[in-house]
Structure formats: C-alpha cells, structure tokens
There are 2 protein chains.
Amino acid sequence: MERQKAAVILIADGTEEMEFTITYDTLIRAGIDVVSVFVPEDSSAPHSVSPPIAKGSRGINIMPDSYLDRSQLSPDKYNLLVVPGGAKGADTISKNPIVKELVKEYYTAGKLLGFICNGSLTALTAGLPRQPLTSHPGVKSVLEKDFQYSEDPVVVSGNLITSRGPGTSFPFALTLVEKLLGRPKRAEIEKPMVFPENTPWVNAPTSK
Amino acid sequence: MERQKAAVILIADGTEEMEFTITYDTLIRAGIDVVSVFVPEDSSAPHSVSPPIAKGSRGINIMPDSYLDRSQLSPDKYNLLVVPGGAKGADTISKNPIVKELVKEYYTAGKLLGFICNGSLTALTAGLPRQPLTSHPGVKSVLEKDFQYSEDPVVVSGNLITSRGPGTSFPFALTLVEKLLGRPKRAEIEKPMVFPENTPWVNAPTSK
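Because the structure is predicted, anything quoted here is derived from the model rather than measured.

Draft legend 1. Fine view of the packing of aromatic side chains. On inspection of all chains with the given rule, the structure shows ten aromatic pairs over all chains. A ring pair is formed by Phe170 of chain A and Phe170 of chain B, whose centres lie 6.2 Å apart and whose planes are at 90°; its orientation type is edge-to-face. With one member in each of two chains, Phe170 of chain A in helix H6 (residues 169–181) and Phe170 of chain B in helix H6 (residues 169–181) form a pair that bridges those chains. The two residues Phe170 of chain A and Phe170 of chain B agree in class, both being buried. Aromatic side chains Phe195 of chain B and Trp201 of chain B sit 5.8 Å apart centroid to centroid with 85° between the ring planes, which places their arrangement in the edge-to-face category. Exposure class is identical for Phe195 of chain B and Trp201 of chain B. Each is buried. Taken together through their ring pairs, the aromatic side chains of Phe170, Phe195 and Trp201 of chain A together with Phe170, Phe195 and Trp201 of chain B make up a single cluster.

The structure is reproduced here in structure tokens:
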C-alpha cells in the first residue's frame, strides 16, 4: 500500500488565516497528513518559543503543530510544502534562511511547492527558475520581472503551484489534493463542502 | 458618528475551522469588531479554562479571544452572533443553555443571527419560530419539520441568516457584512480577496 501523503504548511505572525486554514483543512479532508510549522520572525532566535501562538493577519490566534527545525522537514518525509500569504507572515517566511534552503531542496527533489498570495514571494527569495507563476496582485510588480506572471486563479508549473488570495484558496487547496491524490479524491471531498451551484472551480476541467 | 459594529463568533472543540476563520476574517476586513467566545463542552464547568484552546474539526488549534460569560454578551453590545458548524462543535454550542438564552435575546432584540452548516441546529434548540432556513445537508432531516427548509447557499429571513458549509462560508460572511454595513462595503472588501472570475457570489444581486 502506498504511504500516506504528507504536507508541511508554514505559518508565522501575520499569516493570512483563511489561506492557512482552508489549505490545512482541505488537505486533512483528503486524508493527507498535515503539520503546521511556525517560522519565527527573528531567524536567529531559538526555534521553540513559548507561548507558541501565531497571530494571524486579522487577529486569529493559531497554535502551530511544531516549530521550524530543518532536520525534521526533509523532502524525504513530505510530498508538499505550502507558504500562505498575509503581507507580514509571507515576508517573514520568504526571507527565512532555513525556508529558502528547504524550498530549493523540495524543488530539486521534485516535491510539490504551493505558494499563495504574498507567499509566492518565496519563489523569488529561494531563487526558483523563471516559469509561470501568480500571486496577490499587490506583489505582481515584484515578481513579473523574474517569472512569467499570470493572472489565472491557480497556476500549475510542473511541481510549483501558485495562487492569488483568500478568494482562490479553495481552488488552490483542491488543486494540491488533485496533484497528490488524483481527480476522484478531489471530487469526493468537494461534495460535502457544499459549494454553491456554478462555483467555477467545482467539477472544473483537470489542471494542466 | 455611528458606533462601530460588533460581532460575537462562538467556537468550541470540533468547530469547523474554515467556517469560523472565513467569517471572523471577513468581518474584520469590513472593520467590524469581532470577538470569538469559547463554549465549553461541559456547560456546568467554569467558563474560564486553561489552556484556552479550541481544537477544530480538522485539528487546527485556535485560541479564542474570550470565554462564555453571559454578562459580557448582552445584545446591547453586539450587532451579530454567529454559530459556525462542525458536527461536534455545533452540537456543543447549540445545546449550551447560556447560548440558547442568548440566541433568544438577540432574536427578540432584532440583532442579526448567523448560523452556518450544523450551526443552524441552534435555531431549533433555541426554539426560534418557523421560517426559511438552510443548513448542511447532513442535518436537513432534523430541521425540515420545524422550518421552511431551503437549499439556497445563503438564506436571509429577517434577522436570521443561515448557510450550508465551508463552500458557502464566503457568501455567508459577505452577506453578514452587507446586512451590517451595506453593499458598497461588501464590494470594497471583495476586491482584494481576489475571487476567480465568474465566482457566483461576487457582484451578486443584493440579498433579499
């Protein structure tokens, strides 16, 4: 039997809590093992802080499952690494030296990378090669020189999946499920989420 | 100048974290003052527990802003009370005696009530009068005898607003914003959330 798929979702103070929560919850609904990992603002600080709470961009306090520890986050152990947005949270995460190294390792190992909203800045800070990508419109100008910037809600470029904001978090998370577990699993978990009729990402054509 | 609008969102162990987070975050984006209030499983237990963490239905740990204390939650102080879903969370919240009293008070005072997913069970437990309502399909059979059951994504019945699940959380939250602050505010906050083109609830006709 195939090993259960596993995903890391990074979180920091200022992470957009809808983007974090929709992705985490949707992956769990698909039977993926998910761990949230706190990235400290001061990258030289001890990785384990107490109390261990991330304050979201709109003030929701989320307790992460664990703390940034490179030795625990090898691409051998995970199929996917996600960076959510939120201006301050994505700034902290995308500039963290351990995160930059991990992103390069995951990319080279052919593991999935999922960046949404300002989280797409991580493609730049980690030095990923020029390719199709999207982000929140607010950071388009920072990214369009180094990437083939797209305004599609979700952009799939090999193992790099990028997306735009809270409003695209559902199609982003469902695309990650589809890439890891296939289209039938995506369809299975869409149903009990009760999207309104004509929601454009439900029963959408298979992502390229 | 009009006083800032204020909302209470209830949360318990087992609350659906997407429904909670999307509603909270969207109301904050609209400039509404939001407080999350933890409802304990054992209604006879002290209202202040430590550590004060609600474990969501898919395992996300959220630290609520405060604890159920009827004296702090008078309808004089708030314009809206929200009950999110999640089977276990909504069971705890809808059966709590203080919640049932508060819901009756808010209803009588003409304040908004927002119930989503299994949170709609609260309309039954609090004894609200027969009227149009929706819920997660999983509890339709429990509600359809006592209410005019609808399968619309969001049902507005006077000051009772109900909705269906994670997939209807955005139109639910945006409808609450529209009812409290008007259509221009709703349109203003929709834009930076970057919904995909043709998302049915964006620039939707004004709710009845």
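Draft legend 2. Just unusual backbone geometry, in detail. Residue and element names in this part refer to chain A. Even without glycine at this site, Val194 takes up a positive phi of about 60°. You can see Val194 is positioned in the segment after helix H7 (183–190). By relative accessible area, Val194 is classed as buried at 10%. Phi is positive for Asn198, which is not a glycine, with a value near 70°. Note on placement: Asn198 falls in the segment after H7. The class of Asn198 is exposed, set by a relative accessible area of 63%.

About the cut-offs
Residues numbered from 1 in each chain as written. Chains lettered and ligands numbered in written order. Predicted model: local features only at pLDDT ≥ 70, side-chain atom pairs only at ≥ 80, totals over all residues. Heavy atoms only, no water. Phe/Tyr/Trp six-rings, centres within 6.5 Å; stacked < 30°, edge-to-face > 60°. Helix = DSSP H or I, 4+ residues; strand = E, 2+ residues; numbered from the N terminus. Buried < 20%, exposed > 50% of the residue type's maximum accessible area, 1.4 Å probe, protein only.

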